Amino acid sequence: ACREAGVGESVEALKESMMEGMHALSMRNVLNVIGLSHFGVFVLYAVFGVMLLLSLLFLIWGVRAESSRRFLYFNTLFMTIMSMMAYLAMATGNGILVLRKLPHTNDFQGSWRISDPLLAHKGTKAVPNPMYNAAYGNAPTYPIFWARHVNQLLTSPLMLVDLFLVSGVSYNTRAFMLFANGMMVLCWLAGSFITGAARWAFWVFGSVFAAGVLIPLIGILPTAAARKGRGSRRLYGRLMCITMLSGLVAPWVWLMVEGAHALPPDVAVLVYAILDVISQGVFGLVLLRKAPPALSSWGDEESDQQATRLNPSTSQSGHQVQDPNDDL
């Protein structure tokens, strides 16, 4: 009897899960993300689709590529796959910090604060929420997609690795740029969770660390790429322009979105989506459409040996000779 009761409960739980899943797949719920209109959610799904197609394309190119260049393809593939999953998470209403504009009352201050679900939701007819506050629940909301910052923390180092492989810059410069990039993303991630004035300090420090990435990008890496030949120099020049575009715009977008909450949520999603497609999708297409024949180390041994034969500035052991203009 106990076993039959257990089986019955399991079947009932399975039915409830299936009904919940079917309800979640309805068009009304698929396009329901707090703080966004259907247009904003559609943009998130569109970027998910773009990253999916790019990932399939990079995978096919990588499988067909020579083993000496395959690491470059797969490294870029990992970047688009991570972004694909991040946008799927955001499109389904995850990875979001909801802010609520509190009204000027005796109980609340008139400023943006992290939303409290106990005060914002009425509950159900069967189980009403006794803590529900109508003024609080009807206040304007603003979604902060912290999942995008986590995605940037994972994907931006991969993009830098691509630039390192093309340019062949020194390991000191690589370490410095990777550290500055990580601190930049962490500062802006932390600032997005802060609703007080202290968030501006994190924006300032994040912008300083961003300069630590952009300055070597235009001052040191081009010199290293030029020493590898005209092809590497031209390819790096295109990639640098793409990276500089997103790198110069990103601090000001953060200021308008996570900082001042001035851009409408749908516009903020659209701007960030354009930046991600350019900095990752267009970047990957430009890089992999005609990958360089010789890469610096961090590839495989065959790549290093080929780089030694094609680049006279490398030593017989396959390690690049350091240049005073190729270091911090």
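Everything below is about the structure printed above this text.
First, a word on what this report is: a plain description of the structure on this page. If you're wondering where the values come from, they're calculated on a predicted model, not measured in any experiment.

1. Quick notes on the packing of helix 4 (residues 70-91) against helix 12 (residues 265-289)
So, point 1. Running from amino to carboxyl end, helix 4 crosses helix 12 at an angle of 160 degrees, the nearest separation of the two axes being 10 Å. Classified by the angle between their axes, helix 4 and helix 12 sit roughly antiparallel to one another. With respect to the hand of their crossing, helix 4 and helix 12 are arranged in left-handed fashion. Contacts from Leu 72, Tyr 73, Thr 76, Met 79, Ser 83 and Tyr 87 of helix 4 reach helix 12 at Tyr 272, Ala 273, Asp 276, Gln 280, Phe 283, Gly 284, Leu 287 and Leu 288.
So, point 2. Among the residues making up the contact of helix 4 with helix 12, the classes are represented as nine nonpolar, four polar and one charged.

2. Examining a nonpolar patch on the surface
So, point 1. Taken together, the side chains of Phe 78, Met 82, Trp 146, Val 150, Leu 154 and Phe 193 present a nonpolar region at the surface, about 500 Å² in accessible area.
So, point 2. Breaking the nonpolar patch down by element, the ones donating at least two residues are helix 4 and helix 7 (146-167).
So, point 3. A per-element tally of the nonpolar patch places helix 7 first, with three residues.
So, point 4. Mapped onto the elements, Val 150 comes out in helix 7.

3. Points about the pattern of salt bridges
So, point 1. All chains considered together, the criterion is met by one salt bridge.
So, point 2. Close ionic contact of Arg 148 with Asp 276 constitutes a salt bridge, the shortest N to O distance being 2.7 Å. Placement of the pair is Arg 148 in helix 7 and Asp 276 in helix 12, with a sequence separation of 128 residues. Both residues of the pair, Arg 148 and Asp 276, count as buried.

4. Here we look at the packing of aromatic side chains
So, point 1. Considering all chains together, one arrives at five aromatic pairs under this definition.
So, point 2. Residues Trp 112 and Tyr 142 carry aromatic rings whose centres are separated by 5.8 Å and whose planes lie at 65 degrees to one another, so their mutual orientation is edge-to-face. Of this pair, Trp 112 sits in strand 2 (residues 112-114) while Tyr 142 sits in strand 3 (residues 141-144); the two residues are 30 residues apart in sequence, bridging distant segments of the chain. For the pair shown, Trp 112 and Tyr 142 are each scored as buried.
So, point 3. Summarising the aromatic geometry, the rings of Trp 146 and Phe 193 are spaced 6.4 Å apart at their centres and angled 40 degrees between planes, so their arrangement reads as tilted.

5. As for a positive patch on the surface
So, point 1. Side chains of Arg 230, Arg 233, Arg 234, Arg 238, Arg 289 and Lys 290 sit close together on the surface and give a patch of like positive charge.
So, point 2. A total of four residues in the positive patch trace back to one element, the largest contributor, which is helix 11 (residues 230-259).
So, point 3. Along the chain, the position of Lys 290 falls in the loop between helix 12 and helix 13 (301-310).

6. A few points about the side chain of Thr 76
So, point 1. For Thr 76, the position within the fold is in helix 4.
So, point 2. For Thr 76, a relative accessible area of 0% translates into the label buried.
So, point 3. Discounting chain neighbours no more than four positions away, the residues touching Thr 76 are Phe 58, Asp 162, Gly 284, Leu 287 and Leu 288.

7. Some points on the packing of helix 3 (residues 38-64) against helix 4
So, point 1. Their axes nearest at 8 Å, the elements helix 3 and helix 4 cross at an angle of 160 degrees. With respect to each other, helix 3 and helix 4 are oriented roughly antiparallel. Regarding helix 3 and helix 4, the two cross each other, and that crossing is left-handed.
So, point 2. Broken down by class, the residue content of the contact of helix 3 with helix 4 amounts to 21 nonpolar, five polar and one charged.

8. What to know about the sheet that holds strand 3
So, point 1. The strand order across the open sheet formed by three strands is 2-1-3, and the pairing between neighbours is antiparallel. Strands with a single pairing partner mark the edges of an open sheet, and in this sheet they are strand 2 and strand 3. Sheet twist, expressed as the mean angle between neighbouring strand axes with direction ignored, is 35 degrees.
So, point 2. In terms of strand pairing, strand 1 (residues 97-101) meets strand 2 through three bridges, oriented antiparallel. Within strand 2, the position partnered with Leu 99 by the bridge is Ile 114.

9. Here's the deal with the side chain of Thr 155
So, point 1. On the secondary structure map, Thr 155 appears in helix 7.
So, point 2. Given the relative accessible area of 1%, Thr 155 is considered buried.
So, point 3. A distance of 2.8 Å separates a polar side-chain atom of Thr 155 from the backbone oxygen of Asn 151.
So, point 4. For Thr 155, the residues in contact, after removing those within four places along its chain, are Met 79, Met 82, Ser 83 and Gln 280.

10. Looking at helix 11
So, point 1. Along its 30 residues, helix 11 runs 42 Å from first to last C-alpha, staying within 8% of the 44 Å computed at 1.5 Å per residue.
So, point 2. Roughly 30 degrees is the biggest bend found in helix 11, and it falls at Ala 250, with proline Pro 251 one to four residues downstream.
So, point 3. The first or second residue beyond helix 11 is His 261, which carries a positive phi of 55 degrees.

What counts, and where the lines are drawn
Residues numbered from 1 in each chain as written. Predicted model: local features only at pLDDT ≥ 70, side-chain atom pairs only at ≥ 80, totals over all residues. Heavy atoms only, no water. Axes fitted to C-alpha atoms, helices over the stretch in contact; angles between N-to-C directions. Helix = DSSP H or I, 4+ residues; strand = E, 2+ residues; numbered from the N terminus. Parallel < 35°, antiparallel > 145°, perpendicular 65-115°, else oblique. Left-handed = near helix turned anticlockwise from the far one by under 90°. Contact = heavy atoms within 4.5 Å. Nonpolar A, V, L, I, M, F, W, Y, C, P; charged D, E, K, R; others polar. Patch = residues over 30% accessible without salt bridge, like charges linked within 9 Å, V, L, I, M, F, W, Y side chains within 5 Å. Areas by Shrake-Rupley, 256 points an atom, 1.4 Å probe, with all protein chains shown as cover. Salt bridge = Lys/Arg side-chain N within 4 Å of Asp/Glu carboxyl O. Buried < 20%, exposed > 50% of the residue type's maximum accessible area, 1.4 Å probe, protein only. Phe/Tyr/Trp six-rings, centres within 6.5 Å; stacked < 30°, edge-to-face > 60°. Lys, Arg positive; Asp, Glu negative; His and termini not counted. Charge placed at Lys NZ, Arg CZ, Asp CG, Glu CD. Pairing = 2+ DSSP bridges. Polar contact = N/O pair within 3.5 Å; in protein donor to acceptor, adjacent residues only side chain to side chain. Expected span 1.5 Å × (residues − 1). Bend = angle between axes of the 7 residues up to and from the residue.

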